[in-house]
Amino acid sequence: MINYRKQNATTTTMRKKDTSRTRGEIGVAVAAQHRRRARERVEEMNMNNNYNVNRRRGLTHSSSSSSSRGRERVIMSAGFSLSKLTSVLKKKTQSDFDRVISGTSKTREKLSYMDEVLGLWRLEDLDDTLDELEETLLSVDFGPKTAGKVLDTIRELVEDGKIKTGEDCKRALKETIVNILVNDGGDPTKMNVSEDEKIPTCVLIIGVNGGGKTTTIGKLSNWYKNAGAKVMMVPGDTFRAAAAEQLQTWADRTGAIMSKSPPNTKPGAVSYKAVDEAITMGDIDVILADTSGRLHTNLDLMDELVGVKNSIKKREPSMPHEVLLVLDGTTGLNMLNQAREFGQQLGVTGIILTKLDGTARGGAVISVVDEMKIPVKFVGVGETMEDLQVFEPISFVDALFPEEEKDS
């Protein structure tokens, strides 16, 4: 067992181990009108989603306040938010939460030991209790730095007299983790988008081999489609056999279109031509650009990926609006090293955590947010298209640390 009285020395040791485009005036006008209507639908759904989140936090405004803001756009650095794409949240909130509950079962099972520890809560045994809590957090790949940060907060609250029971401790533990996900990561429901009605929003999807990028693009396409957006997919994975065919299958299933990609074309050229094609068409709302998987330790391949991003930016300087890193939940704390390298090279704006349903190492994502200050925007909790969920910190933490049912 980790001795919490020697936490500083222990944590230090563990840290060392933790490692010409116009189609004519009429066509442009029609395209602009189409995009304006889509954006209005986006803003409306974003308001609905924010209301749901705020209601859970007790932060809803009065009807007069809400109506006065009814036409406001939710802004990030790049303009209005596409969080309207979370339309299903309001219509089937309980269904979505049930998916997250199911998808986090293995991590939750390991964390359930915490209830036994807190059930024997005694202030005089605080050091032993914190030792066991830390060991439990480490068992699901929280990481020593983040686990220590969480438990330092718990100790301070105990010393301030704000925690007196095991229930108080669990409640404070959950609030501390939510604060990390929200304050360090930011609002995961905000998506950077194009401010120019003539320019589609471009989302670049990156990650290591086998992380689930292509499948994730298919699920993202479905998510965008549900918001009324017209999607173009870009087969930028030119190395993996049948990658383009797999993407085409997803395009057929979700009603997206595939960009034209001549054979034997380099990834940067594929992406450049796709962006040019989407802008020329005039009615594309979202570009989802696939890329070849690569190890974050392979510098040549990482440089090539930077070249893909630069090719997109060369055609349209405002792109890509989002760079989403797909991380395999089964890799645990190894995902932290991936996030560091991809973040440094590509300027990652958000994380998609996949295969969460197949791992007991779900705590690692909290360490990634804690260190990288990048929001988790989606989590994959199953195989179906609906199993890509908009990440909501409160629901996620509730799924990891459910309240015990009391006997009536």
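As the structure is a computational prediction, the values presented were derived from the model and not from experiment.

Caption draft 1: Spotlight on the pattern of salt bridges. All told, the structure shown has 15 salt bridges when counted by the stated rule. For the salt bridge of K170 with D115, the shortest nitrogen-to-oxygen distance reads 2.9 Å. Taken together, the residues K170 in helix 10 (residues 166–184) and D115 in helix 7 (residues 113–119) connect sequence positions 55 residues apart. The salt bridge partner of D283 is K230, with a shortest N-O separation of 2.8 Å. Within this pair, whereas D283 is found in the loop between helix 13 (267–281) and strand 6 (286–289), its partner K230 is found in the loop between helix 11 (213–225) and strand 4 (231–234), the two being separated by 53 residues in sequence. Judged by relative accessible area, which is 28%, K230 ranks as partly exposed. Among the charged side chains, a salt-bridge network with shared partners connects R122, E124 and D125.

Caption draft 2: Just the nonpolar core, in detail. Counting 75 residues, the largest nonpolar core has L137, I154, I177, I206, F342, I366 and F401 as its most contacted members. Per-element tally for this core: the top contributor is helix 10, with 7 residues. With residues up to four places along the chain from it excluded, the contact list for I366 reads F142, T146, I177, I180, L181, F396 and L400. Residues L220, W223, Y224 and L324 belong to the second largest nonpolar core, which totals 24 residues.

Caption draft 3: Summary view of the packing of helix 11 against helix 12 (residues 243–254). Interhelical geometry of helix 11 versus helix 12 gives an angle of 20 degrees and a closest axis separation of 9 Å. Comparing their axes, helix 12 and helix 11 come out roughly parallel. Crossing handedness for the pair helix 11 and helix 12: right-handed. Residue-level contacts link T214, T215, I217, G218, K219, S221, N222 and K225 of helix 11 to Q246, L247, W250, R253 and T254 of helix 12. When its residues are assigned to classes, the contact of helix 11 with helix 12 shows 3 nonpolar, 7 polar and 3 charged.

Caption draft 4: Main features of the side chain of D285. Turning to its location among the elements, D285 is positioned in the loop between helix 13 and strand 6. Relative accessible area serves as the criterion here: at 8%, D285 is assigned to the buried category. Only 2.8 Å separates the side chain of D285 from the backbone nitrogen of K230, close enough to count as a polar contact.

Caption draft 5: Fine view of the sheet that holds strand 4. The sheet built from 8 strands is open, its strands ordered 5-4-6-3-7-8-9-10 with mixed pairing. Strands with a single pairing partner mark the edges of an open sheet, and in this sheet they are strand 5 (257–258) and strand 10 (388–390). By the bridge criterion, 5 bridges tie strand 3 (residues 201–207) to strand 7 (residues 322–328) in an arrangement that is parallel. Across the sheet, the residue bridging to V203 is E322, located in strand 7. Packing of helix 14 (residues 299–315) onto the sheet brings it into contact with strand 3 and strand 7, and relative to strand 3 it is tilted by some 175 degrees.

Caption draft 6: Up close: the pairing of strand 6. Burial along strand 6 is two-sided: V286 and L288 facing one way and I287 and A289 facing the other are all buried. Strand direction decides the pairing type here: strand 4 and strand 6, joined by 4 bridges, are parallel. Residue pairing for strand 6: V231 is matched across the bridge by V286.

Caption draft 7: Up close: unusual backbone geometry. Here the bond from M319 into P320 is cis, since omega is -10 degrees, no more than 30 degrees from zero. Tracing the backbone through its elements, the reader meets P320 in the loop between helix 14 and strand 7. Residues other than glycine seldom take positive phi values, yet D141 does so here, at roughly 65 degrees. One can find D141 in the loop between helix 8 (126–139) and helix 9 (144–159). For K373, which is not glycine, the phi torsion reads 60 degrees and is therefore positive. Mapped onto the secondary structure, K373 falls in the loop between helix 16 (364–372) and strand 9 (376–380).

Calculation rules
- Residues numbered from 1 in each chain as written.
- Predicted model: local features only at pLDDT ≥ 70, side-chain atom pairs only at ≥ 80, totals over all residues.
- Heavy atoms only, no water.
- Salt bridge = Lys/Arg side-chain N within 4 Å of Asp/Glu carboxyl O.
- Helix = DSSP H or I, 4+ residues; strand = E, 2+ residues; numbered from the N terminus.
- Buried < 20%, exposed > 50% of the residue type's maximum accessible area, 1.4 Å probe, protein only.
- Core = buried A, V, L, I, M, F, W, Y, C linked by side-chain atoms within 4.5 Å.
- Contact = heavy atoms within 4.5 Å.
- Axes fitted to C-alpha atoms, helices over the stretch in contact; angles between N-to-C directions.
- Parallel < 35°, antiparallel > 145°, perpendicular 65-115°, else oblique.
- Left-handed = near helix turned anticlockwise from the far one by under 90°.
- Nonpolar A, V, L, I, M, F, W, Y, C, P; charged D, E, K, R; others polar.
- Polar contact = N/O pair within 3.5 Å; in protein donor to acceptor, adjacent residues only side chain to side chain.
- Pairing = 2+ DSSP bridges.

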